[in-house]
Amino acid sequence: MKPEISVIQQFEDDKPVVCILGTKTIPDFLELTATEKEYVSRQIEAGEEFVSVNIYNKITFLVTLKESPDHFRRREGLRRTAYNMRKLFKGESFKDLVITSNEAYDGAVEDYAEALLLSLYSFDKYKTSSEGEKQKKDPSRLLLHGPQDDASIKWLIHLTDAVYFSRNLINEPVNHLNATALAEEIRKEGDSSGFSVEILQKGKIESLKMGGLLAVNKGSVDPPVFCILEWKPENRLNRHPIVLVGKGIVYDTGGLNIKTGDFMDGMNGDMAGAAIITGVISTLAKSAVPVHVVGLVPSTDNRPGGNAYTQGDIIKMYNKLTVEIGNTDAEGRLILADAISYASKYKPEIIIDIATLTGSAAMTFGNQAIAVMSNADRKYLKLLEECGNEVYERIAELPLWDEYEELLKSDVADMKNVGGREAGAITAGKFLEKFAEYPLIHLDIAGTEIQKKDNYYKLKRGPATGLRLLAEFINRLPNNIYIRE
Ligand code: BES
Ligand code: ZN
Ligand code: ZN
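Residues numbered from 1 in each chain as written. Chains lettered and ligands numbered in written order. Predicted model: local features only at pLDDT ≥ 70, side-chain atom pairs only at ≥ 80, totals over all residues. Heavy atoms only, no water.

**Examining the coordination of the zinc ion (ligand 3)**
Alright, step 1. Distances from the zinc ion (ligand 3) to its protein donors, Lys247 (NZ), Asp252 (OD), Asp270 (OD) and Glu331 (OE), fall at 2.0 to 2.4 Å.
Alright, step 2. Geometry at the zinc ion (ligand 3) is octahedral, judged from its six donor atoms and the angles of 77 to 173° they form at the metal.
Alright, step 3. Here the zinc ion (ligand 3) and the zinc ion (ligand 2) are spaced 3.3 Å apart, and both take Asp252 as a donor. Residue Lys247 is found in the loop between strand S9 (242–246) and strand S10 (248–252), and its partner Asp270 is found in the loop between S10 and helix H10 (272–286); the two are separated by 23 residues along the sequence. For the pair Lys247 and Asp270, a shared accessibility class is recorded, and that class is buried. (Donors = N, O, S within 2.8 Å, 3.2 Å for Na, K, Ca; no water. Tetrahedral: all angles 85-135°; square planar, octahedral: opposite > 155°, others 65-115°. Helix = DSSP H or I, 4+ residues; strand = E, 2+ residues; numbered from the N terminus. Buried < 20%, exposed > 50% of the residue type's maximum accessible area, 1.4 Å probe, protein only.)

Set out below in structure tokens:
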């Protein structure tokens, strides 16, 4: 269960407290004795990132900030400390935890609370034993003390709710979440957050001739779906929407080019892009951000069943281009390409797709960066990079040079869906670019998403990286750059 967040004006000194210290001064309101203060000061001098003082029934945690010339690094340092402290709070059965600060930067309490919430996440709905019981003892309320502004608290709640929502979907195994079930979850989220959801079923997808999505679906016994999410507020500041596209492969076996060894591990999370854009739109809708956003989610599983598409097949995509299948495991780009050309219908300002697309992106950047490829105006990239630093879901760019297109040449069709072993993340980006009639930003989250170890509060098994980035980016768009008339 996600702890609730409330704001308190009056400091409650009978509860466990986390106090973030901006200086080495220990504030009087913590009511520590001279001996306790001395003990804390010594620990701080020794460079401890946090100190706990536990006297009788009262427990106080003091947290120090790391020095850094970059503000965004100080913020991240504090978030990591929150993760490092999570075990002190887990299963401790103190219901409330007060978070306060003394002379720390503005927003420190929110940053700490955000990272603590993300660190306390766990997926245990299928656990029947004591593990589930233990979680019930995690703090059930975080009481934020201090003059926080109302909008930033609401944003924090909506954003962390969205991350929990997305992580829950990413963690679901395919035997509990097929494409139709995913669409249903998206619809429910739309109903509760206030954005609209339209679900196109197989018949409609056939009549639209979305050849990429239909080809990938051929080996499956479950039908595909195509979801259209829309947040269109009356006070929108953009005339042309931002279109987000999320990869919704609910399971990627590789198809007939089946994944071997442990490469299939975690492939229930191959719909992370879909879960993430749903979370982004949910955050924007709940926070009433005045930007018109459309989300597109093509979804199916990729399996080697009965009539599965094969290597050598030639398919016709939604935009009429033909594609020779070089590898059935390069399925993500096929379903995304249909969605990216479908986006033209909205005459978007920009299209942003997000996908667990290539092992190559993961090999290049590990779990430290989201690979980005873009043909959009640089002003968007600049803002995206800034937001990436602030929320610490950082982006690193790969080129979309024309020369890479050569690698996708086919003897028998307009192009192939794979470009060989070299530059795998780039040729995937190049493939998608061919289907975009409007400026495209492509985010490959294979490296950050399918990880086997926690990267601090970006927990293993589907941390939903890119959600905080895109929500921040769209929230800041109106203030930062001129939105096309
Ligand atoms: N879903 C995978 C990419 C992936 C791999 C995500 C590892 C997360 C972790 C994607 O559909 C895929 O299989 N890509 C292939 C493409 C290749 C056949 C050109 C890959 O990267 O190996
Ligand atoms: Zn694949
Ligand atoms: Zn895939």
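**Describing the site of ligand 1**
Alright, step 1. Contacts to ligand 1 come from 16 residues, most closely from Asp252, Lys259, Asp329, Glu331 and Gly359.
Alright, step 2. A distance of 2.8 Å separates an oxygen atom of ligand 1 from a polar atom in the side chain of Lys259.
Alright, step 3. The protein chains hide 78% of the 520 Å² of surface that ligand 1 would expose on its own. (Near = heavy atom within 4 Å. Polar contact = N/O pair within 3.5 Å; in protein donor to acceptor, adjacent residues only side chain to side chain. Areas by Shrake-Rupley, 256 points an atom, 1.4 Å probe, with all protein chains shown as cover.)

**So, the environment of Asp411**
Alright, step 1. Following the sequence through the fold, Asp411 ends up in the loop between strand S16 (395–397) and strand S17 (415–416).
Alright, step 2. Residues Asp411 and Gly266, spaced 145 residues apart in sequence, show a C-alpha to C-alpha distance of 35 Å.

**Some thoughts on the domain arrangement of the chain**
Alright, step 1. Along its sequence, the chain is carved into domain 1 (4–146) and domain 2 (157–480).
Alright, step 2. Here the C-alpha centroids of domain 1 and domain 2 sit 36 Å apart.
Alright, step 3. Counting residues at the interface gives 20 residues for domain 1, matched by 22 residues for domain 2.
Alright, step 4. Roughly 2,100 Å² of surface becomes buried between domain 1 and domain 2 when both sides are summed, with 60% attributable to carbon and sulfur atoms.
Alright, step 5. In terms of surface lost to domain 2, no three residues of domain 1 exceed Phe72, Leu118 and Tyr121, which account for 33% of the buried area on that side. (Domains from an automatic or database assignment. Contact = heavy atoms within 4.5 Å. Buried area = accessible area lost by both parts, 1.4 Å probe.)

**Here's the deal with the pairing of strand S2 (residues 17–21)**
Alright, step 1. In terms of residue burial, S2 counts as a mostly covered element, since five of its five residues are buried.
Alright, step 2. The two faces of S2 match: Val17, Cys19 and Leu21 on one face and Val18 and Ile20 on the other face are all buried.
Alright, step 3. Bridge count between S2 and strand S4 (residues 58–64): five bridges; the pairing is parallel. Its bridge partner lying in S4, Val18 is registered against Phe61.
Alright, step 4. Pairing analysis gives five bridges linking S2 to strand S5 (residues 96–102), with the strands arranged parallel. When the sheet's bridge partners are listed, Cys19 is paired in S5 with Thr100. (Pairing = 2+ DSSP bridges.)

**Describing the packing of helix H7 (residues 179–193) against H10**
Alright, step 1. It is the contact of H7 with H10, at a shortest axis distance of 9 Å, that shows an interaxial angle of 10°. As judged from the angle between their axes, H7 and H10 are roughly parallel. For the pair formed by H7 and H10, the contact residues are Leu182, Ile186, Glu189 and Ser193 on the first element and Ala274, Thr278, Ser282, Ala285 and Lys286 on the second.
Alright, step 2. The class makeup of the residues in the contact of H7 with H10 is four nonpolar, three polar and two charged. (Axes fitted to C-alpha atoms, helices over the stretch in contact; angles between N-to-C directions. Parallel < 35°, antiparallel > 145°, perpendicular 65-115°, else oblique. Nonpolar A, V, L, I, M, F, W, Y, C, P; charged D, E, K, R; others polar.)

**A few points about the pattern of salt bridges**
Alright, step 1. Within this structure, the stated rule accounts for 36 salt bridges.
Alright, step 2. For Lys66, the salt bridge is made with Glu49, and the minimal N-O distance between the two is 3.3 Å. In this pair, Lys66 is assigned in the loop between S4 and helix H2 (71–84) and Glu49 in the loop between helix H1 (34–45) and strand S3 (50–55), connecting sequence segments 17 residues apart.
Alright, step 3. Residue Lys66 is classed as partly exposed on the basis of its relative accessible area, which comes to 39%.
Alright, step 4. Of the charged contacts in the structure, one is a salt bridge between Glu114 and Arg79, with a shortest N-O distance of 3.4 Å. Taken as a pair, Glu114 in helix H4 (residues 108–120) and Arg79 in helix H2 lie far apart in primary sequence, 35 residues in all.
Alright, step 5. The class of Glu114 is buried, set by a relative accessible area of 7%. (Salt bridge = Lys/Arg side-chain N within 4 Å of Asp/Glu carboxyl O.)

**Side note on the coordination of the zinc ion (ligand 2)**
Alright, step 1. Binding of the zinc ion (ligand 2) to the protein goes through Asp252 (OD), Asp329 (O), Asp329 (OD) and Glu331 (OE), at separations of 2.0 to 2.2 Å.
Alright, step 2. In this structure, the zinc ion (ligand 2) is surrounded by six donor atoms whose angles at the metal cover 72 to 168°, and the resulting shape is irregular.
Alright, step 3. Within one chain, the residues serving as donors to the zinc ion (ligand 2) are arranged as D-x76-D-x1-E.

**Description of the sheet that holds strand S13 (residues 322–324)**
Alright, step 1. The strand order across the open sheet built from three strands is S12-S13-S17, with neighbouring strands paired in mixed fashion. Since the sheet does not close on itself, it has two edges, and those belong to strand S12 (314–316) and S17, each with one partner.

**Topic: the environment of Val221**
Alright, step 1. Counting through the fold element by element, Val221 comes out in the loop between helix H9 (211–217) and strand S8 (225–231).
Alright, step 2. For Val221, a relative accessible area of 83% corresponds to the exposed category.
Alright, step 3. For Val221 and Gly306, which are 85 residues apart along the polypeptide, the C-alpha to C-alpha distance reads 8.5 Å.

**Digging into the sheet that holds S2**
Alright, step 1. With mixed pairing, the six strands of this open sheet are ordered in space as S1-S6-S5-S2-S4-S3. At either end of the open sheet lies a strand with only one pairing partner, and these are strand S1 (4–8) and S3. Taken over all neighbouring pairs, the strand axes of this sheet differ in orientation by 20° on average, direction set aside.
Alright, step 2. The pairing of S1 with strand S6 (residues 141–145) spans five bridges and is parallel. Counterpart to Glu4 in the pairing with S6 is Arg141.
Alright, step 3. Packing against the sheet, H1 makes contact with S2, S3 and S4, and its axis sits at approximately 160° to S3.
Alright, step 4. Those strands touched by helix H6 (residues 150–171) are S1 and S6, and its axis lies near 170° from that of S1.

**Regarding the packing of aromatic side chains**
Alright, step 1. By the definition in use, this model includes twelve aromatic pairs.
Alright, step 2. Measuring from centroid to centroid gives 5.0 Å for Phe11 and Phe29, while their planes differ by 65°, and the two rings are edge-to-face. With Phe11 in the loop between S1 and S2 and Phe29 in the loop between S2 and H1, this pair connects stretches of sequence that are 18 residues apart.
Alright, step 3. We classify Phe11 as buried; its relative accessible area is 19%.
Alright, step 4. When its relative accessible area of 30% is taken as the criterion, Phe29 is described as partly exposed.
Alright, step 5. Aromatic side chains Phe226 and Tyr342 sit 5.2 Å apart centroid to centroid with 70° between the ring planes, which places their arrangement in the edge-to-face category. In this pair, Phe226 sits in strand S8 while Tyr342 sits in helix H11 (residues 332–342), placing the two residues 116 residues apart along the sequence.
Alright, step 6. Exposure remark for Tyr342: the relative accessible area of 5% places this residue in the buried category.
Alright, step 7. Members of the aromatic cluster, joined through ring pairs, are Phe226, Tyr318, Tyr342 and Tyr346. (Phe/Tyr/Trp six-rings, centres within 6.5 Å; stacked < 30°, edge-to-face > 60°.)

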